[in-house]
Amino acid sequence: AELDTLDIIVLTAILLGTVAYFTKGKYWAVQKDPYANSFAAANGAKAGKTRNIVEKMEESGKNCIIFYGSQTGTAEDYASRLAKEGKSRFGLETMVADLEDYDYDNLDAIPSDKVVMFVLATYGEGEPTDNAVEFYEFITGDSPSFSQDNEVPLGNLNYVAFGLGNNTYEHYNSMVRNVNKALQKLGANRIGEAGEGDDGAGTMEEDFLAWKEPMWKALAEKMGLEEREAVYEPIFGIIERDNLTPESPEVYLGEPNKMHLDGTPKGPFNAHNPYIAPIQKSYELFNVKDRNCLHMEVDISGTNLSYQTGDHIAVWPTNAGEEVDRFLSIFDLVHKRHNVISVKALEPTAKVPFPTPTTFDAIVRYHMEICAPVSRQFLATLAAFAPDEQSKAEMTKLGSDKDYFHHKVNAHHLNIARILERVSKGKKWTNVPFSALIEGLTKLQPRYYSISSSSLEQPKLISITAVVERQELPGREDPFRGVATNYLLALKEKQNGDPNPTPYGLTYEIMGPRNKYDGIHVPVHVRHSNFKLPSDPTKPIIMVGPGTGVAPFRGFVRERKKMVENGQEIGRSILFFGCRKSTEDFMYAKEWEEAKQAMGDKFELVTAFSREGPKKVYVQHRLKERAKEVNQLLEQKAYFYVCGDAANMAREVNAVLAQIIASERGIPEAKAEEIVKQMRASNQYQEDVW
Ligand code: FAD
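A brief look at the structure comes next. (Residues numbered from 1 in each chain as written. Predicted model: local features only at pLDDT ≥ 70, side-chain atom pairs only at ≥ 80, totals over all residues. Heavy atoms only, no water.)

### Looking at the nonpolar core
Point 1. Counting residues in each nonpolar core, the largest one holds 47 residues, and the members touching the most others are Phe327, Phe331, Met368, Met395, Ile416, Trp429 and Phe434.
Point 2. For this core, the element with the most residues is helix α14 (residues 416-424), which contributes 5 residues. (Core = buried A, V, L, I, M, F, W, Y, C linked by side-chain atoms within 4.5 Å. Buried < 20%, exposed > 50% of the residue type's maximum accessible area, 1.4 Å probe, protein only. Helix = DSSP H or I, 4+ residues; strand = E, 2+ residues; numbered from the N terminus.)

### Some thoughts on the pairing of strand β19 (residues 541-544)
Residues in a regular strand point their side chains to alternate faces of the sheet.
Point 1. Here β19 shows two buried faces, one formed by Ile541 and Met543 and the other by Ile542 and Val544.
Point 2. Sheet analysis places β19 next to strand β20 (residues 573-579), joined by 4 bridges and oriented parallel. Within the sheet, the bridge partner assigned to Ile541 lies in β20 and is Ser573.
Point 3. Running through helix α17 (residues 551-565), the crossover from β19 to the neighbouring parallel element β20 is right-handed.
Point 4. In this structure, β19 lies alongside strand β22 (residues 639-644), joined through 4 bridges in parallel fashion. Looking at β22, one finds that Val544 is bridged to Val642. (Pairing = 2+ DSSP bridges. Right-handed = clockwise from strand over helix to strand, strands pointing away.)

### Thoughts on the site of the ligand
Point 1. Taken together, 23 residues surround the ligand, and among them Tyr448, Tyr449, Glu469, Ala484 and Thr485 come closest.
Point 2. Within the backbone of Val467, one N or O atom sits 3.1 Å away from an oxygen atom of the ligand.
Point 3. In this structure, an oxygen atom belonging to the ligand sits 2.6 Å away from a side-chain N or O atom of Thr485.
Point 4. Of all the secondary-structure elements, those providing two or more residues to the shell around the ligand are β14 (447-450), β15 (461-467) and α16 (483-495).
Point 5. The element best represented in the shell around the ligand is β14, accounting for 4 residues.
Point 6. Each residue belonging to the shell around the ligand can be placed in one class, and the counts come to 13 nonpolar, 8 polar and 2 charged. (Near = heavy atom within 4 Å. Polar contact = N/O pair within 3.5 Å; in protein donor to acceptor, adjacent residues only side chain to side chain. Nonpolar A, V, L, I, M, F, W, Y, C, P; charged D, E, K, R; others polar.)

### Things to note about the packing of aromatic side chains
Point 1. Taken as a whole, this structure holds 30 aromatic pairs when the rule is applied.
Point 2. Judged by centre distance (5.7 Å) and plane angle (25 degrees), the rings of Phe577 and Phe586 are stacked.
Point 3. A centroid spacing of 5.1 Å and a plane angle of 40 degrees characterise the contact between Phe640 and Tyr685, whose relative ring orientation is tilted. Of the two residues, Phe640 is situated in strand β22 and Tyr685 in strand β23 (residues 685-689); the sequence distance between them amounts to 45 residues. For the residue pair Phe640 and Tyr685, the accessibility class agrees, reading buried in each case. (Phe/Tyr/Trp six-rings, centres within 6.5 Å; stacked < 30°, edge-to-face > 60°.)

As structure tokens, this is what we get:
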């Protein structure tokens, strides 16, 4: 009832728009990223899109632009949140912009009564995210050339900066640090501190919350802004399309874009357009109850997709039926889950993060990250829509008390629907506008896997090695289960003969929208990485990959084995592998034997089984036992590779390697650490960690 007038206005707009939509028929096709988050610039939707940010700000009446450099969606999400908060608390005219969509040479022409925010993730080994590469090169270049010839090039520019990083990586938050430095050098005025969030310590969200309050204060002072009571204004209008049913051909039931809807998907396949790949085979790698690890091969023949040994494959998951039901139920949407709706941005620079018309069911199942960690801030926002005073008070407390929130929510890995169920004791949250959910939850992200096949051996078959995510946690009746890996487990069960797989009681819409994934398909795309074998195959390699960290090394070893079979000379290849028990989770045991047969003493597997002896043994210990040989190989310019757990293992391996170099070469440890650093810089030491 709340949206009545709005509905009429929006409906009229839609009706007018419909003609253009279907006659031109290109609306979605021309959008660069139908998945971009709520606020992201609606550039492509308009013809004649501008790359001129000053022009864009003027024509849309904005005074605050929030640029993001994002890889997995978190930076983009934070940018949207800043935009919303700037608008609701301070009346700023905000817009979010993908760094890739604009030119930077006129940053100097942005007037001093405006502000630019940068939310920048650092990716991998201190690299910019894919969408920020050009910006990064421009701004940190020797002398970036701007539109005007000012003595202080960016003297007019007011900016705010926050970085997303991970302290387990060598180049912690280097993106925001370097950009901040460059902007300072160019004379720009920073407002507040350049914030840094640390994913490694697990404090990203709290770092962000702690950074932004003083930033807003400084910004309000600088720009003379008055804080007002934040009122929720929906960014999206939801229009019920009574004339359409889920059978209508123009209704999206989970298809990622127009080509998929029309049944004519074609490449390029990428982060905006998955390939619905047939699964050629899949099997279990573990030999133990309640722990699963999958080997799965997808077929990319008949596409222009390609990969190289060491690349990553992204899997586009679907939420489990139980969690979709729980979510729809707590928001009282079950009875209309299959109603057709259009979602319309009510704000010209906002973009709907999924294609419409669609259904509530399809949005929740295919497009929303409904199981992910929930932000405290989002709970505070939802307090206003609580079904009773008690729930409202509890939500406000969860939103404002960090420790309480951790104790009640995070420790149990509760998702949004589970939190609300607990808070209201099952009472439905009927007042929450659906727009608030679109704004407050991220879009469902593809999950990356290190490809475990060799492109030399099988260029058109990509294999995945994935451990199924499951954690027993106190305060929960059922274990926590990961989104993508349990979906893959269901696919594996289906492929191996179970027509209605329900792994651990979970169900999936396994046939996909309109049964398009029937015959056992999974949506994927490939991401190229820098994690590569030496181009000279005679160079020795040392690989450290415990658990699923072994994935890319299966590819490396198979590649070298294939080379041997082709009559090529190869260098010594040592693999350090670790797991719990040789009888339980020793994956690919038979394959290593075969590699040994084919490669002779060019290949060696060194194992560490942590739960077989009286003391726990890990790959680091084995590495140390082999110190002499490791050092000798390094002196012969061996490449050193680490894959798997970023938080502990990779760090320790790095430390152990420095110790080995120090003791074997009789040099101080500081010097040895410096050598390891140089090895990293020259790509002799490579990491693929997560
Ligand atoms: P998700 O649902 O995404 O959960 C993952 C984790 O997020 C949980 O364990 C938990 O810590 C946290 N989490 C989720 N929801 C909540 C919540 N509500 N509250 C609190 N915490 C929560 N994995 C492999 O098995 N093999 C590989 O070869 C591999 N290669 C990778 C390569 C790269 C470059 C990257 C970035 C990752 C790689 N991964 C690999 C990890 C993989 O991408 C996935 O993260 C993993 O499979 C889990 O996905 P999921 O959807 O099942 O779990």
